[in-house]
Amino acid sequence: MSQPVVADQDRAAAKAPAAPVRQSVVSLTGITKSFGPTLANAGIDLCVGAGNVIGLVGGNGAGKSTLMRILCGAMWPTLGSISFADDDVNFADYGTGEAQRRGIRMVHQELSLCANLSVAENFFLETPGDAASRPGWRALYRARARAALDAVFPGNGIDANAEVGHLSIAERQMVEIARAAATPGVRLIVLDEPTSSLDLDRSKQLRAFIRERAKAGLAFIFISHKLQEIIDIATEIVVLRNGRTAWQGQVADASIGRLVQLMGGDANPVHQHAVSAASAQDVLVRLSGPLTSELGRDIEIVRGEIVGLAGLEGSGQKELLHGIFGADAKQNGAVTRHAQAGFVAGDRQKEGVFPLWSVLGNISIGALARRPALGLVSDRANREMAAGAASKLRLDDSRFQSNITELSGGNQQKALVARALVADTPIILLDDPTRGVDIATKQDFYRLCNEIARSGRALVWHTTEDAELLACDRVLVFAGGRIVRELTGDAITESAVVGASFAQPADRIASARHKDAPATRLGRRLVDAAPFIGLATVLAVMISANPAVASIFGLDLLLMPALSLVLVTAAQMFIVGGSEIDLGVGAFAGLVSVLGATLLYDQPWLGALALVAALAAYAGLGGVIQARKIPAIVVTLGASFIWVGLGYALQPTPGGASPEWLTALFGWSLGFMPTSIILIAAVALIVFVIDRLPLGVVLRGFGNNPTAMIRSGWSPTRHALVRYLIAGLFAGAAGLSLTAINTASDINSGNSFTLLSVAAVVMGGCSLLGGIISPVGAVAGAVTLSLIGALLGTLNVSSDFNAATQGLILIALLTLRSLTADRRSEQ
Amino acid sequence: MNALTVFSLWSQRNRWIWAAIGVLLVWLVLSIVTNRFSLSSLSGIVLSASFLTIVGIGQMFVVTTGRGNIDLSVASVITLSAFVALLTIKGQDANLAIGVAAAVLLGLAVGALNSLLVVGLGIPAIIATLATGYVLATATLLSNRAISGFAVSPALKYLASGRILGVPIMAVIAILGVAATSFALRYTVFGQLLSAVGQNRTAARLAAIRTGPVIASAFIISSVLASLNGLLLGAYIGGAFLEMGQPYLLQSIAAVVLGGTLIFGGSATAVGTLFASILLILIVTTMQIIGLPPGAQDIVQGIVVIFVLALAGRQAMTRRAPVEPAGGDVAVPAGDRQS
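Cut-offs applied
- Every residue gets a number counted from 1 within its own chain, in the order that chain's sequence is written.
- All chains are assigned letters beginning at A, and all ligands numbers beginning at 1, according to the order in which they are written.
- Only residues with pLDDT of at least 70 get local features here, since the model is predicted, and only at 80 or more are side-chain atom pairs given and counted; chain-wide, interface and lining totals rely on the full set of residues.
- A run of DSSP states H or I qualifies as a helix once it reaches four residues; a run of E qualifies as a strand once it reaches two. Both are numbered from the N-terminal end.
- Residue burial is a threshold on neighbouring C-beta atoms within 10 Å of the residue's own C-beta, all placed from the backbone, with 20 or more meaning buried, 12 or fewer meaning exposed, and counts in between meaning partly exposed.
- The contact criterion used is a C-beta to C-beta distance within 7 Å, with each C-beta placed from the backbone.
- What counts as a domain boundary in this text is fixed by an automatic or database domain assignment.
- Strand pairing is defined by DSSP finding a minimum of two bridges between the two strands.
- Throughout this entry, Asp, Glu, Lys and Arg are counted as charged residues, while Ala, Val, Leu, Ile, Met, Phe, Trp, Tyr, Cys and Pro are counted as nonpolar. The remaining residues, Gly among them, count as polar.

### Topic: the overall build of chain A
Assigned secondary structure in chain A consists of 31 helices and 19 strands. A buried classification covers 49% of the 827 residues belonging to chain A. For chain A, the share of sequence-separated contacts (at least 6 apart) that also reach a separation of at least 24 residues comes to 75%.

Printed below as a string of structure tokens:
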């Protein structure tokens, strides 16, 4: 291996002139990061000076993301040090927060914006300091967002008030870049594939902006697979390969050809091509349609061959694997499968292992899955079957009883392959199986793949490590969701693969966005308008049956009982906004009602104290749910028993009395308008105002994208407490309103509100996935639902049907919603 | 390796032991303190616990499918089934077959509806089953108006409250049910598939398991067991009343969690559910004997559920924490221990 020596010389040569020019922003020295036996980074040095634009390039799995994670404080290295200017920082004290304080911002490839918030609100989340809760704070951030966007992308046409979820991917990318660039005190911006979804003009604008800001001393690290951009923008280039610095130098010394060669020239030969036993008669999979349109012919995968899927990450390789696996489920035409397929997942934690089971259980499920459900399982049969597969894999069968999570990544992967082997399918699909696996296991793995293929199976192998493609008989290179090249035999070289995957596809399919069918759009509008249509219909029917309803007195009488449900709905809406559901909210309102009619009436101070204690307990529940990561539904269901129990203990039978001031609070009248309507409107207004405050924005942010919120430095537990406190205040107000309206209390009076509040929230347009607060819709829904009883009475239907009507409305709405769901915005 | 570590390893695999120890301790303490507990009083508690066990087993299947799935319609199913039993059997042993068939059909229908909503339409299980429960509540009100009398078939009555050699028949039924469930979970393909789906649904799908039918069958089992339980419970109390199934909602979930079934899914223990049912009934009975008001009983049950969950939550978190670095080295001592 002569390569490191060359690299060292180059590095020395490159460093000498660069170092004294500018003041250093940050430098990493000797960064080594190991994952088990694998070295993701090995002794990497990186020095970023003010005004530098460093182009960071490398093939898949070269260690770029690991290095950037370490730089941004999201990961600690195994060895190495970091220093800012002349200030050495201990990694133990270094984290994402510290990195941000020191002016490092990163624009992640998987975007970290809250899709349910506006552009301006997303700017607020990143730099919340200036948002004192005074009116007009939004205007400040709107102006800031507009200025930032215009500075980077002139003529972008992005509305700062637009919800991010409604923006195109390119627009979101622009927002995220502008947000990072506009941060006060920023000194280094890391851009991870910033132009992957931008068109050429926007990409030019971005590069012009980078050039301009770099002159002013801002530093950039620019990661891109588009090498011409790197050559265009960078002042220095760092090439990583297999976790090491392959080359580092001035851009003048680099060319696209040289970079491609550096990224993937020679590698340790993975495999020598055996003569393929493939027989053309036995076609197992056929690929056709738009997928292969670039090639102009169908592709057939036959018994006995290994077919590699290559290309830049996310170019359609995974989609093809899943397409082959699920081909019999839906006939989509592009993929036809003629035999059973087994799947070996590379993302072991998420898609592979069953963490509660032993190694043996994890292997034998492959065969069990294809047996009738009532068949019997025998440990001995499983063991014999698994032993056969394990011996091929050199997986020690004395480990069969160990829990799968005790094994190293490589051995876990062997178990997953063994699972596919015992399933005994003619096709085996491999989804980047060697990710994070040590080199020795990898070698075992390549040998095994070869054996499996020669035994008459077809292997379809998606890999992100280009060197592994040398183990394949055939390689399909993807770009932009299509197969653009087919390489066979000796034509399979790393440079050929790299070259083909960097070729831009003739037409990008990204522009061909999926358009909604008109029926779906109509359905969605209908769902959105449901609470208002429902309310109008119910009122119309009731007024036509009994015109007296339309009077002020009539409306008041009808709507006053709805007030309590409206308040409980407001409470539930904040919980649902955090993607949880409270099954105890009605019982809590009942408890507060009892407290109001007993303690608060007899001993006002003690009563007030009890109310505060109840509220604290309710908010604390939210904190416990978040801190212990336990299901809110069960906890709140358990809590509902506590609330009801406390209520019973205080007041075994309905009774008590409402304090005078409390009755007066709900009993006034303006004469020209029903009091109930004013109060209900007031509740909607209060919810609306809270939601518009910075606090409301943060709560919605947590409901939509907690990861992004934590990345921006917000505390999840504290906001869970606040969320439940707000909900508790509304539920408490609901309880007091029950006491005032009924001038007595009954612990069971709130129970029916629990489901109704969930139904009202769903009717109002809130997603159970969280992140949406819609005060007007939910209030309209709550009023509609509380009028159902009166409506049935008007129609002479027994009140027995009340519950069923409400339940069916909920089912109907959720069904309609699931059928018209806007999948894209929910991702 | 001393006995304590052996036990702690063993108890990690057999989490039902904690509920069993709980039963033993509470019963011993009560016997010593009050002098009122004897084997015969225990048999009364076991009789009550048998009803809870049957619902709990059904709930356990649903919880085991993972993703926080819970069947909230069991309470309504129990009540409605008791009413349907009164309507179909009318106190005649001759109508018993029709009554049992009606109860099974009711369970199948509700289970199928829940499955359709949860599996077919992707509606979260709690919302779907809550809504189903509301529809059933109306059906209960209607059947409440339709019943003419509270006559119970003698055969069913004997089944629900009779004893053979001092052992309640219901307890025998519950224990047989627990044994059958344990067998199904451990030694049938279905049990393994259910566990796989509950542990990691994506991995299960990629291992070629058809997750939809597995989840649907859990909901159907839950509804059918709740329905049969309603039939027997109605016979035991000699009729039916509105809200009679209500206590079984929280108690069934509590029995499942307390018994050692993981609330996050993937691992179930029928024996644990049995012991936890006995423990819960023991606690409730104790509170009644001490003379605590009904409200306090609710409070204690609520606290027990939240407390157990808070503990179990941490357990699950530490166990699921990634063992990413140096996983290979950790495995070696584990192998040594075994040889």
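Read on, since the account is not over.
### A look at unusual backbone geometry
Residue and element names in this part refer to chain A. One non-glycine residue, Ser579, lies in the positive phi region at around 55°. With respect to the helices and strands, Ser579 occurs in the loop between helix H18 (552-577) and helix H19 (585-597). We note that Asn796 has phi near 60°; this positive angle belongs to a residue other than glycine. Within the element layout of this structure, Asn796 appears in the loop between helix H29 (775-794) and helix H30 (801-819). Judged by the 7 C-beta atoms lying within 10 Å of it, Asn796 falls in the exposed class.

### What about the domain arrangement of chain A?
Per the domain assignment, the segments of chain A are domain 1 (3-103 + 185-264), domain 2 (115-179), domain 3 (283-511) and domain 4 (518-826). With centres defined by C-alpha atoms, the gap from domain 3 of chain A to domain 4 of chain A works out at 50 Å.

### Examining the pairing of strand S13 (residues 306-311) of chain A
All names here are of chain A. When you tally the buried positions in S13, you get 6 out of 6 residues, the bulk of the element. In S13, alternate side chains face the same way, and those of Ile306, Gly308 and Ala310 on one face and Val307, Leu309 and Gly311 on the other are all buried. Two elements, S13 and strand S17 (residues 458-462), share 4 bridges in a ladder whose sense is parallel. Note on S17: the bridge partner recorded for Gly308 is Trp461. Where S13 and strand S18 (residues 474-479) come together, 5 bridges link them in parallel fashion. Looking at S18, one finds that Leu309 is bridged to Leu476.

### Description of the interface of chain A and chain B
With 74 residues of chain A at the contact, the number on the chain B side is 68 residues. Looking at the side of chain A that touches chain B, the elements that each hand over two or more residues are strand S15 (341-345), helix H11 (348-352), helix H12 (359-368), helix H14 (409-423), helix H21 (604-628), helix H22 (632-650), helix H28 (753-763) and H30 of chain A. The biggest single contributor to the side of chain A that touches chain B is H22 of chain A, with 14 residues. When its residues are assigned to classes, the side of chain A that touches chain B shows 44 nonpolar, 20 polar and 10 charged.

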